[in-house]
Amino acid sequence: AGRGWVRPDAYYSHAMAAPTPGPPRRRARRGSLERPINARMYRGTWLLVGVPALVAAFTVGRPAPLPPPALPPTFDGPTALALATELAEEAPDRSPGGAGAIRAAAWVTERFRLYGFEMRRQVFEATIPGRGRQRLANLFAVAPGAPPDAPVLVVMAHRDNVGLGRGANDNASGTAALIELARPYARVPSSPAAAVSPAHTIVFLSTDGGAFGGLGAEEFAAHSPYADRIAALINVDTIAGSGRARIELAGERSRSPSATLVQTAAE
């Protein structure tokens, strides 16, 4: 002991000694500070939340379409075909700034006037690749809604082409459809009241420079008297091809279109 060592039996007896047992520890109650989460209640809550979420997901994914309109369909396909053929033959080269573009504008104006519409012009200038600065003109007719300051729906088709062909499909077809879509809203001398009174103001817009990057549409959106009231736009373009018709939905912000709108369009 005086030399700093201990007997082996004393060393081992100290090292191998078992700790003295304390009082038994009680398990904390569920929902207490020590056990704040009740596992059974947690799982039950997920059932309450998860099942309705799954039902909602399937419901939102397959919405019911809007009901069909009360008005009967009035679009006349043969008439639209005849109008498209006539425009393609009357002004095969409708490239902006040329003589054919002037003839095409006069032709569209006359067709709308036959339905009692007052055709308005929006003249502007734009640079056309390979042609320089040109004078262009948008034409539009208005079917007023009730009330007069109601949101505006624009139905649009460009009437120009690049001048390399007659442009019967792109876009005499859309121009003809535009005229035929306006027909139910016509005001003719024999019938002073419009055949259809829309809830929204509808603008039937024939643009120039559409084949060169939507120049007329851009001008109308920026400087027309309806620029701050446009709620939606339908662009009718290249609808006489041999392929299946399709609808493309787009917006001014990066968001998905309404699921109900998509389903209605599909129907």
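Everything below is about the structure printed above this text.
Conventions and cut-offs
- Residues numbered from 1 in each chain as written.
- Predicted model: local features only at pLDDT ≥ 70, side-chain atom pairs only at ≥ 80, totals over all residues.
- Heavy atoms only, no water.
- Core = buried A, V, L, I, M, F, W, Y, C linked by side-chain atoms within 4.5 Å.
- Buried < 20%, exposed > 50% of the residue type's maximum accessible area, 1.4 Å probe, protein only.
- Helix = DSSP H or I, 4+ residues; strand = E, 2+ residues; numbered from the N terminus.
- Contact = heavy atoms within 4.5 Å.
- Polar contact = N/O pair within 3.5 Å; in protein donor to acceptor, adjacent residues only side chain to side chain.
- Phe/Tyr/Trp six-rings, centres within 6.5 Å; stacked < 30°, edge-to-face > 60°.
- Axes fitted to C-alpha atoms, helices over the stretch in contact; angles between N-to-C directions.
- Parallel < 35°, antiparallel > 145°, perpendicular 65-115°, else oblique.
- Left-handed = near helix turned anticlockwise from the far one by under 90°.
- Nonpolar A, V, L, I, M, F, W, Y, C, P; charged D, E, K, R; others polar.
- Patch = residues over 30% accessible without salt bridge, like charges linked within 9 Å, V, L, I, M, F, W, Y side chains within 5 Å.
- Areas by Shrake-Rupley, 256 points an atom, 1.4 Å probe, with all protein chains shown as cover.
- Salt bridge = Lys/Arg side-chain N within 4 Å of Asp/Glu carboxyl O.
- Pairing = 2+ DSSP bridges.

(A) Broad picture of the nonpolar core. Grouped together as the largest cluster of nonpolar side chains are 29 residues, with contacts concentrated most on F112, F117, Y185 and F204. For this core, the elements supplying multiple residues, two or more each, are α3 (77–90), α4 (99–114), β2 (132–143), β3 (152–158), α5 (168–182) and β4 (201–207). Per element, the largest residue contribution to this core is 6 residues, and it comes from α5. Leave out the neighbours within four places in its chain, and F117 touches F112, A141, V142, A182, Y185 and A186. Core analysis: the second largest hydrophobic core is formed by 9 residues, V152, V154, V203 and F220 among them.

(B) Structural detail: the environment of D237. Mapping D237 onto the fold places it in the loop between β5 (230–235) and α7 (259–266). Under the relative-accessibility criterion, D237 is labelled partly exposed at 32%. Ignoring anything within four residues of it in the chain, the contact list for D237 reads H158, D170 and N171. Within the local environment of D237, its side chain forms a polar contact with the side chain of T238, the two groups lying 2.8 Å apart.

(C) Geometry of the packing of aromatic side chains. Considering all chains together, one arrives at 5 aromatic pairs under this definition. Between F112 and F117, the ring centres sit 5.9 Å apart and the planes meet at 70°, which makes this aromatic pair edge-to-face. Take F112 and F117: they sit in the same class, and that class is buried. Seen from their ring centres, F140 and Y226 are 6.3 Å apart, and the 90° between their planes marks the pair as edge-to-face. With a gap of 86 residues between them, F140 in strand β2 and Y226 in the loop between α6 (215–223) and β5 connect regions that are remote in the sequence.

(D) How the structure looks around the packing of α4 against α5. Where α4 meets α5, the axes come as close as 10 Å, and the angle between the chain directions of the two elements is 15°. By the angle between their axes, α4 is roughly parallel relative to α5. When the axes of α4 and α5 are compared, the crossing they make is right-handed. Between α4 and α5, the contacting residues are W107, V108, R111 and F112 on the first element and T175, L178, I179 and A182 on the second. Its residues placed into classes, the contact of α4 with α5 shows 6 nonpolar, 1 polar and 1 charged.

(E) The arrangement of a nonpolar patch on the surface in detail. Together, I247, L249, L261 and V262 line one region of the surface with nonpolar side chains, adding up to about 350 Å² of accessible area. A relative accessible area of 42% places L261 in the partly exposed class.

(F) Spatial organisation of the pattern of salt bridges. Using the criterion set out here, one finds 5 salt bridges in the structure. One salt bridge connects R183 with E180, and the closest N-O pair in it is separated by 2.5 Å. The salt bridge involving R246 is made with E248; its shortest N-O contact spans 3.0 Å. Note on accessibility: R246 and E248 belong to one class, exposed.

(G) Just the pairing of β2, in detail. In terms of burial, β2 is a largely internal element, 9 of the 12 residues being buried. The sheet contact formed by strand β1 (residues 120–128) and β2 spans 9 bridges and is antiparallel. Considered in β2, the bridge of F124 is made with L136. The loop that links β1 with its antiparallel partner β2 comprises 3 residues; one of these, G130, has a positive phi angle of about 80°.

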